[in-house]
Amino acid sequence: MKTRITELLGIEYPIIQGGMAWVAEHHLAAAVSQAGGLGVIAAASAPAEVVRSEIRKARELTDKPIGVNIMLMNPNAPEVAKVVVEEGVKVVTTGAGNPAKLMKGFKEAGVKVMPVVASVAMAKLMERSGADAVIAEGMEAGGHIGQTTTMCLVPQVADGVKIPVIAAGGIGDGRGFAAAFMLGAQGVQMGTRFLVARESIVHENFKEKVVKAKDIDTEITGTGNGHPIRQIRNHMSREYLRLEKAGAGLEELETLTLGSLRRAVMEGDVVNGTLMAGQIAGLVNKQQSCKEMIEEIMEEAGKLLGNRQ
Ligand code: TUI
């Protein structure tokens with residue numbers, strides 16, 4: 001399937017893997033790229049040298065293009081950007097902020113930049129700053145989110161910019177893929193579905209929570225303090241919301257959640273860990289390899305979209 005995104009990135013299918021902190025390490029990224037999508041290593045809050053080593057390990061597993069996601073709340077984002085350029089990575093996605101300051105360095109190095117945006121204004125700003133595409137992410141997504149749904153955000157962003165749009169948030173199968181294209185997207189980004197992939201290093205307890213989740217099993221913490229995070233409801237999310245309601249300050253809440261994503265992903269602590277996942281967790285009900293997932297999605301979407309080339 002050829003779209004402006006497959007052409008831009010030199011990949012087979014316009015499916016981008018979300019840059020999930022702790023989850024999106026070299027095994028997952030390499031598996032997605034090897035299956036014809038774009039695998040993405042999440043730099044998250046890792047030191048730049050760890051990111052370098054992840055890039056090199058991914059390259060040992062695949063010679064297809066690999067991307068890196070830079071989380072802009074991380075104060076060492078400029079250092080990570082330097083490593084990305086040094087290692088010859090050609091695609092970067094960004095999240096949770098404005099990457100304008102990093103854009104010049106990326107452009108000079110020939111790196112394609114695809115910022116995640118949660119509004120039309122931000123999408124336009126990114127286009128003016130030199131972004132090659134934008135990832136319009138609705139609030140169905142997991143982790144740090146904006147306030148608009150994918151259904152409303154994607155067509156408005158598609159009308160607002162000339163660069164290609166990738167839809168994200170709430171997409172987990174061929175129907176979601178086809179719907180995104182109907183809304184004007186040229187590609188999709190998926191996180192939650194890839195989280196449970198066989199190649200994903202996420203602890204089985206967390207994967208099981210996603211596979212068993214129903215449509216209404218996520219909730220958003222931090223809406224009141226500027227750190228809205230969608231996650232599967234558990235003891236941690238309830239405790240956070242209880243403290244938030246009682247007027248706890250950001251510092252107290254951050255102490256509560258310190259290391260909680262790592263605990264969920266690495267240790268399988270589904271009680272005191274933060275189970276970041278999107279609303280599509282309710283639809284994700286089986287574990288497959290990334291290749292099986294991508295083939296299944298493309299087959300279903302192909303039928304729905306009438307096998308357009
Ligand atoms: O970045 C994400 N999702 C994330 S990052 C993350 S790491 C984390 N770990 C522990 C605690 C807290 C965070 C977990 N999930 N998604 C991409 C995304 N970006 N969604 C929304 C946005 C966004 C929001 C506002 C992008 C730009 C923006 O602009 C604001 C500005 O700076 O002008």
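Structure: see above.
Every residue gets a number counted from 1 within its own chain, in the order that chain's sequence is written. A pLDDT threshold of at least 70 governs which residues receive local features in this predicted model, and a stricter bar of 80 or more applies before side-chain atom pairs are shown or counted, although totals over entire chains, interfaces and linings include all residues. Side-chain metrics in this entry use all non-hydrogen atoms of the structure; hydrogen atoms and water are not considered.

Q: Can you walk me through the overall build of the chain in this structure?
A: Helices and strands together make up the secondary structure of the chain, namely 14 helices and 11 strands. Expected size for 309 residues packed as a compact globule is a radius of gyration near 19 Å; at 18 Å, the chain falls within 12% of this value. Projected onto its principal axes, the C-alpha positions of the chain cover 50 × 40 × 40 Å. Only protein chains enter the accessibility calculation, which uses a 1.4 Å probe; a residue whose area is less than 20% of its type maximum is buried, one above 50% is exposed, and one in between is partly exposed. Burial statistics for the chain: of 309 residues in total, 53% are counted as buried. Contacts are residue-level and defined by heavy atoms, with any inter-residue pair within 4.5 Å sufficient. Sequence separation of 24 or more characterises 61% of the internal contacts of the chain that already satisfy a separation of 6 or more. In this description, accessible areas are obtained by the Shrake-Rupley approach with a 1.4 Å probe, and a residue is regarded as covered only by the protein chains that are shown. Of the accessible surface of the chain, which amounts to about 13,400 Å², a share of 53% is contributed by carbon and sulfur atoms. Of note, the chain has its 34 positive side-chain charges centred 3 Å away from the centre of its 35 negative side-chain charges. The helix and strand labels rest on DSSP assignments: H or I over at least four residues marks a helix, E over at least two residues marks a strand, and numbering proceeds from the N terminus. To get the radius of gyration, use the C-alpha atoms; to get the globule rule, take the number of residues to the power 0.38 and multiply by 2.2 Å. His residues and chain termini do not enter the charge count, which takes Lys and Arg as positive and Asp and Glu as negative. Where a charge sits is defined by one atom per residue type, namely NZ (Lys), CZ (Arg), CG (Asp) or CD (Glu).

Q: Please clarify how the site of the ligand should be interpreted in this entry.
A: Any residue with a non-hydrogen atom lying within 4 Å of a molecule or strand is treated as near it. Taken together, 13 residues sit near the ligand, with Ala-96, Gly-97, Val-116, Glu-137 and His-144 positioned nearest. Definition of a polar contact: a pair of N or O atoms within 3.5 Å, with one able to donate and the other able to accept a hydrogen when the atoms are protein atoms, and with sequence-neighbouring residues admitted only if both atoms are side-chain atoms. The separation between a nitrogen atom of the ligand and a polar side-chain atom of Glu-137 is 3.0 Å. Separating a nitrogen atom of the ligand from a backbone N or O atom of His-144 is a distance of 2.9 Å. In this classification, the charged set is Asp, Glu, Lys and Arg, the nonpolar set is Ala, Val, Leu, Ile, Met, Phe, Trp, Tyr, Cys and Pro, and all remaining amino acids, among them Gly, are polar. Partitioning the shell around the ligand into residue classes produces 7 nonpolar, 5 polar and 1 charged.

Q: Whenever I open this one, the packing of helix H4 (residues 77-86) against helix H5 (residues 100-108) confuses me. Can you help?
A: In helix packing, the relevant descriptors are the interaxial angle and the interaxial distance, both defined with respect to the helix axes. Only the stretch in contact is used when fitting a helix axis, every axis being a line fitted to C-alpha atoms; angles between N-to-C directions are given from 0 to 180 degrees. Across the interface, H4 lies against H5 with an axial gap of 10 Å and an inter-helix angle of 15°. Considering the angle they form, H4 stands roughly parallel to H5. Note on packing geometry: the crossing formed by H4 with H5 is right-handed. Contact residues: Pro-78, Ala-81, Val-84 and Val-85 in H4; Leu-102, Gly-105 and Phe-106 in H5. Tallied by class, the residues present in the contact of H4 with H5 amount to 6 nonpolar, 1 polar and no charged. Oblique is the label for any angle not under 35 degrees, not over 145, and not in the 65 to 115 range, which are roughly parallel, roughly antiparallel and roughly perpendicular in turn. By definition, turning the near helix anticlockwise from the far helix through less than a right angle yields a left-handed crossing, and turning it clockwise yields a right-handed one.

Q: When you look at the packing of aromatic side chains in this model, what are you seeing that I'm missing?
A: Note on aromatic contacts: the rings of Phe and Tyr and the six-membered ring of Trp form a pair at centre separations within 6.5 Å, being stacked when their planes are under 30 degrees apart, edge-to-face when over 60 apart, and tilted otherwise. One pass over the full model with this rule turns up 1 aromatic pair. Aromatic side chains Phe-177 and Phe-181 sit 4.6 Å apart centroid to centroid with 15° between the ring planes, which places their arrangement in the stacked category. Of the two residues, Phe-177 and Phe-181 are both situated in helix H8 (residues 174-182); the distance of 4 residues between them amounts to about one turn of the helix. An identical accessibility class is assigned to Phe-177 and Phe-181; each is buried.

Q: When you look at the side chain of Gln-189 in this model, what are you seeing that I'm missing?
A: Tracing the backbone shows Gln-189 in strand S9 (residues 187-190). Assessed through its relative accessible area of 9%, Gln-189 is described here as buried. Beyond its immediate sequence surroundings of up to four residues, Gln-189 is in contact with Ile-16, Gln-17, Gly-18, Ile-135, Glu-137, Ile-166, Ala-167, Ala-168 and Gly-169.

Q: Explain the sheet that holds strand S1 (residues 15-17) to me, please; I cannot follow it from the model alone.
A: Pairing between the strands of a sheet is mediated by backbone hydrogen bonds and can be parallel or antiparallel. In this analysis, strands are considered paired if DSSP registers two or more bridges between them. Spatially, S1-S9-S8-S6-S5-S4-S3-S2 is the arrangement adopted by the 8 strands of the open sheet, whose pairing is parallel. Either end of the sheet is taken by a strand with one partner, and the two such strands are S1 and strand S2 (39-42). On average, each strand axis in the sheet is tilted by 25° relative to the strand beside it, whichever way the strands run.

Q: Sorry, what's going on with the pattern of salt bridges here?
A: By definition here, a salt bridge exists when the distance from a side-chain nitrogen of Lys or Arg to a carboxyl oxygen of Asp or Glu is within 4 Å. Scanning all chains against the criterion turns up 21 salt bridges. Between Arg-198 and Glu-292 there is a salt bridge; the shortest N-O distance is 3.4 Å. Of this pair, Arg-198 sits in the loop between helix H9 (192-195) and helix H10 (204-212) while Glu-292 sits in helix H14 (residues 290-304), and the two are 94 residues apart along the sequence. A residue is classified by how much of its surface remains accessible, and Glu-292, at 38% relative accessible area, is partly exposed. The shortest N-O distance in the salt bridge between Lys-214 and Asp-217 comes to 3.9 Å. Classification of Lys-214 as exposed rests on a relative accessible area of 51%. Since its relative accessible area comes to 18%, Asp-217 is described here as buried. The network of salt bridges with shared partners includes Glu-49, Arg-52, Arg-56, Lys-82, Glu-86 and Glu-87.

Q: Can you help me understand a nonpolar patch on the surface in this one?
A: Residues enter a patch when their relative accessible area is above 30% and they make no salt bridge; the linking distance is 9 Å between like charges and 5 Å between nonpolar side chains (Val, Leu, Ile, Met, Phe, Trp, Tyr). Judged by side-chain polarity, Trp-22, Ile-201 and Met-266 come together as a nonpolar surface patch covering roughly 270 Å² of accessible area. Mapped onto the elements of the fold, Trp-22 is located in the loop between S1 and helix H2 (26-34).

Q: Where do I start with the nonpolar core in this structure?
A: Across soluble globular proteins, you tend to see nonpolar side chains buried next to one another. Definition used in this section: a nonpolar core is a set of buried Ala, Val, Leu, Ile, Met, Phe, Trp, Tyr and Cys residues joined via side-chain atoms within 4.5 Å. Among the nonpolar cores identified, the biggest contains 78 residues, and Ile-15, Ile-70 and Phe-194 are the most heavily contacted of them. Among the elements that take part in this core, H14 stands out by supplying 6 residues, more than any other. In this view, Phe-194 contacts Ile-15, Ile-16, Gln-17, Met-20, Leu-28, Val-32, Ser-200, Cys-290, Met-293 and Ile-294; residues no more than four positions away in its chain are not counted.

Q: So what exactly am I meant to see when it comes to the pairing of S2 here?
A: Regular strands have side chains that alternate between both faces of the sheet. Alternating positions in S2 separate into two faces, Gly-39 and Ile-41 on one and Val-40 and Ala-42 on the other, with burial throughout. With 4 bridges joining them, S2 and strand S3 (residues 66-71) adopt parallel strand pairing. Looking at S3, one finds that Gly-39 is bridged to Ile-66.

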